[in-house]
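# Results of the structural survey
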Amino acid sequence: MVEEQIHKLGDEKRHYWLALGMANASGADLQRALEEGRISHADWAGVVQRCRSCAWTEGCDCWLKAQEPGATDVPRACPNVTFFDRVLGGQSGD
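The following paragraphs examine the structure supplied in this document.

At a closest axis distance of 9 Å, the pairing of helix α1 (residues 12-26) and helix α3 (residues 41-52) adopts a crossing angle of 110°. One finds that α1 runs roughly perpendicular with respect to α3. Residues Glu 12, His 15, Tyr 16, Leu 18, Ala 19 and Leu 20 of α1 touch α3, and the partners they reach there are Trp 44, Val 47, Val 48, Cys 51 and Arg 52. Considered class by class, the residues forming the contact of α1 with α3 number eight nonpolar, one polar and two charged.

So, about the environment of Arg 32. Here Arg 32 is to be found in helix α2 (residues 30-35). Spatially, the C-alpha atom of Arg 32 lies 9.5 Å from that of Val 87, the residues being 55 residues apart in sequence.

As a further point, take the packing of aromatic side chains. Going through the model one piece at a time under the given rule, you end up with three aromatic pairs. Centroid distance Tyr 16 to Trp 17: 5.0 Å. Interplanar angle 85°. Geometry classified as edge-to-face. Here the aromatic rings of Tyr 16 and Trp 44 are separated by 5.6 Å at their centres, their planes lie at 75°, and the arrangement is edge-to-face. Placement of the pair is Tyr 16 in helix α1 and Trp 44 in helix α3, with a sequence separation of 28 residues. Residue classification places Tyr 16 among the partly exposed positions, given a relative accessible area of 31%.

Calculation rules
- Residues numbered from 1 in each chain as written.
- Predicted model: local features only at pLDDT ≥ 70, side-chain atom pairs only at ≥ 80, totals over all residues.
- Heavy atoms only, no water.
- Axes fitted to C-alpha atoms, helices over the stretch in contact; angles between N-to-C directions.
- Helix = DSSP H or I, 4+ residues; strand = E, 2+ residues; numbered from the N terminus.
- Parallel < 35°, antiparallel > 145°, perpendicular 65-115°, else oblique.
- Contact = heavy atoms within 4.5 Å.
- Nonpolar A, V, L, I, M, F, W, Y, C, P; charged D, E, K, R; others polar.
- Phe/Tyr/Trp six-rings, centres within 6.5 Å; stacked < 30°, edge-to-face > 60°.
- Buried < 20%, exposed > 50% of the residue type's maximum accessible area, 1.4 Å probe, protein only.

Listed below in structure tokens is the structure:
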């Protein structure tokens with residue numbers, strides 16, 4: 001039998017702010033994307049939910065503290081990297 005390691009979901013508020021920080025670090029304007037209809041509130045909720053299940057939380061927090069807003073690419077370790085890439089590229093969310 002293969003044992004799977006279960007990762008407890010993180011705190012919703014903390015991960016909301018981490019996800020928003022990642023968007024800001026990458027320059028992804030989520031408010032504008034919402035206003036333009038490129039993403040929905042459900043898309044944003046999915047971003048937070050994926051963030052809550054991420055095992056890289058501590059690394060993410062440290063990484064974000066070292067970034068300038070809008071100046072960097074989202075790390076490939078982020079479970080929302082494709083979402084932020086789509087927002088930056090002007091495509092609709094997932």
